[in-house]
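Architecture at a glance
Next come the chains, spelled out residue by residue.
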Amino acid sequence: MGRIRRAPDDSPDSRRGFFLTVIYGAWSLIGAALATPALLYLFLPPKVRTEAEWIDAGDITKLQPKVPVEVVFRKNRVDGWKITSEKQTAWVVELPGQKIVAFGPQCTHLGCAYHWEDAKSEFLCPCHNSVFSVDGAVVSGPAPRPLDRYQTKIENGKLLVGALDEPGPKS
Amino acid sequence: MSFKTQLRVWLDNRTGIETAVRNFLYENIPASSGWHQVLGSVALFLFLTQAFTGALLAFNYAPTPGDAYNSLRYILAEVTAGRLMRGLHHWGASMMIVMVVLHMTQVFLYGAYKKPREATWVVGVVLLLVTLAYGLTGYLLPWDNRAYWGTVVATQIAAQAPVLGPYLVRLLGGQGEVGVVTFARFYGLHVLLLPPATLLLIAVHIYLVRKHGVAPEPGDEALPAKKFFPEQAFRDTVAIFIAFAILFVLAVAARVPLEQLADPTDTTYVPRPEWYFLFLFQTLKLFEGPLEVVGSVVLPTLAILALLLVPFIDRGRMRKVTERTAAAAVVVLAAIGWGGLTLAAVASTPQQPIAARVDFSQPTDWLEVSPVEMAGIGYFRQENCIGCHTVGSGKPKIGPDLAARSIRNTALWMIQHFKRPSAMVPGSAMPPIQLSDAQLNTLAAFLLKLNARNAEALQSAPDFAVEGALIYQKSQCGSCHSVNGVGVKLGPPLNGLKQRRTEQWVQDHFRNPQALSPGSSMPPYRFTPAEMEKIVAYLFVLPE
């Protein structure tokens, strides 16, 4: 058949070039094939397998308008491979227009537990004196955002509490 | 001088890094070097990959018996790329053993251990033992039945060692049984002690290789030496790339099973070590009674000693590999012996009971459902509902998604719909389902249980369990017994039956209840052997 053309790349230099190409190429592929799953593994959030639950947080018929009440309930918390049942609290208040709101119990500044000051009718955080109004808005102090709220719904006069709506790392 | 060159010179003057890398890469190697010498590099690469994937697994792993299993299931079912990481680590372990043995075989065939390279060989043998120690200790860490029972056997073998036995057992934390202490010791060995030891040994091994140079063959003296870089580095890279590609494909495509949580009371489980220890396991069987120690301890010890002594026994001058027929014969004999023992072990492995073959590496929500819902899966499959419906995910089909909340309705509505689809959903193209009312009710129960989150897990229910639940329903076991909290508590609840009774007992009890439980009001059941197997397997797979 046809003449076999002598490959022009038989010189020591092009041989070396070929070796280097293969070496760099193969190691880049191996590095990418290990690094990509490793990054996914570390940075993507795991699948959530448990259904969001609604927890009975008690009777709301006795609530007085604009007087927050601290309510304690038990909630299953999924923590990695563990599901723990733990005590949680919410400050429940009826706002004008018969709107019921449940606030998360932690100050939005640094996560301290705040409380309701009856005399002043406001929420006060003892750590750095953040003050919130009855509807959760920041009145004064270093708190960067209003109080976080639980998802809520009302069935047969009972308050059902869902997930706590927290803004992401950057609100 | 350009800035880049200046920077390089500055850095090299301060650290010597460039000189060191140069010295390493441009090492002289004999003219005969070639493809046969890539295996050690591949083994080293696999070790580093193991360290990497192992560290990543440890990020999501709780090293205590109770949590180990749950955290591994979390890695497999919930963490992104978790299954891949475990696959890489699992198959990487096997490949590393293969590669270390191949590397050693090559060195043996070529006689590369001869003077002055005896120490290199001895360190290499120790590295082989360390690799096996990783396999032994890592085997326990999933804490499933396989891990637990395999380790029970291994520690009992260690206990047989003359004189050292009891101390070895104490060191491994096995005070008569495998428990939390053994687990902690194995984990400590696997991740804290062995890796730095390996690194140190590898460093010594490579130092010795560099000190003495790669072993030349007769005739190399007359030829000019070659450089390691780039030609031999290219060969190493190609070999490593092929090994990595195989490892990656295995990790993606070959499912690594996870069995049920370790159950020390399980009397039906057949322990088996990892494949590379099977030959040892089989050797044990050749010796019985007081001679057992020969198979478990004496022979392996002699084999290790023989390996260590190889360079001191074979002390002749270097010869070409093609002239080393005795060495080739030893390799062939060893391979035949190893292969024969391994095959014999595989052939003599009794099948695990069905319930032990459930794959727990994926969600097992089906274990939690009631028998009627489980039996519903049977009719769901029998009627081929997924021919027209999607369930949770997948390409849209002609019928609606059965896992969607919006189509959920009452059982009564569903049963009427099954009988005359167009009556409930005008224009429905669904054919009526030809099942009895009770069967339709069962099917409806399953569909009511179904949602987008559990769809995949419920559909993965193994056939034996579904068919077992069908038999359970047909035999109306639920009118006296309960499963997963559903049913009547007239008879004993059936969860945890496995912990209370043997399979044989349950089978005998079905045939003649009063013979085994005097005063029982349970009627006898005449199942066919196939039915009997399925109902018992279903009852035995139920969670405690």
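Residues numbered from 1 in each chain as written. Chains lettered and ligands numbered in written order. Predicted model: local features only at pLDDT ≥ 70, side-chain atom pairs only at ≥ 80, totals over all residues. Heavy atoms only, no water.

Focus: the side chain of His-89 of chain B
Residues and elements named next belong to chain B. Looking at where His-89 falls in the secondary structure, it is placed in helix α5 (residues 82–110). For His-89, a relative accessible area of 18% translates into the label buried. In this view, His-89 contacts Gln-50, Thr-53, Gly-54, Leu-57 and His-190; residues no more than four positions away in its chain are not counted. (Helix = DSSP H or I, 4+ residues; strand = E, 2+ residues; numbered from the N terminus. Buried < 20%, exposed > 50% of the residue type's maximum accessible area, 1.4 Å probe, protein only. Contact = heavy atoms within 4.5 Å.)

Looking at the interface of chain B and chain A
Of the residues lining the interface, 40 residues belong to chain B; the matching set on chain A comes to 29 residues. Summed over both sides, the interface between chain B and chain A buries roughly 3,100 Å², with carbon and sulfur atoms accounting for 70% of that surface. Considering only the side of chain B, the residues that lose the most area to chain A are Glu-78, Phe-234 and Arg-453 of chain B, jointly responsible for 20% of the buried surface there. Remark: the boundary between chain B and chain A carries two salt bridges. Of the charged contacts in the structure, one is a salt bridge between Glu-231 of chain B and Arg-15 of chain A, with a shortest N-O distance of 3.2 Å. On inspection of chain B and its partner chain A, the count reaches eight residue pairs in polar contact (both at pLDDT 80 or more). Residue assignment for the side of chain B that touches chain A shows that the elements contributing at least two residues are α3 (39–58), α4 (65–77), α5 and α10 (228–253) of chain B. With 11 residues, the top contributor of residues to the side of chain B that touches chain A is α10 of chain B. (Buried area = accessible area lost by both parts, 1.4 Å probe. Salt bridge = Lys/Arg side-chain N within 4 Å of Asp/Glu carboxyl O. Polar contact = N/O pair within 3.5 Å; in protein donor to acceptor, adjacent residues only side chain to side chain.)

Points about the confidence of the model for chain A
For chain A, per-residue confidence averages 85 on the pLDDT scale, and residues scoring 70 or more make up 89% of the total. Confidence scores differ between elements of chain A, with strand β1 (residues 55–59) of chain A showing the lowest mean pLDDT of 81 and helix α1 (residues 12–43) of chain A the highest of 95. (pLDDT = per-residue confidence, 0-100.)

Some words on the pairing of strand β10 (residues 158–165) of chain A
Along a regular strand, successive side chains alternate from one face of the sheet to the other. All names here are of chain A. Note: β1 against β10, three bridges, orientation antiparallel. When the sheet's bridge partners are listed, Asp-59 is paired in β10 with Lys-158. Note that strand β9 (residues 149–155) and β10 share six bridges and pair antiparallel. Bridged to Glu-155 within β10 is Lys-158. (Pairing = 2+ DSSP bridges.)

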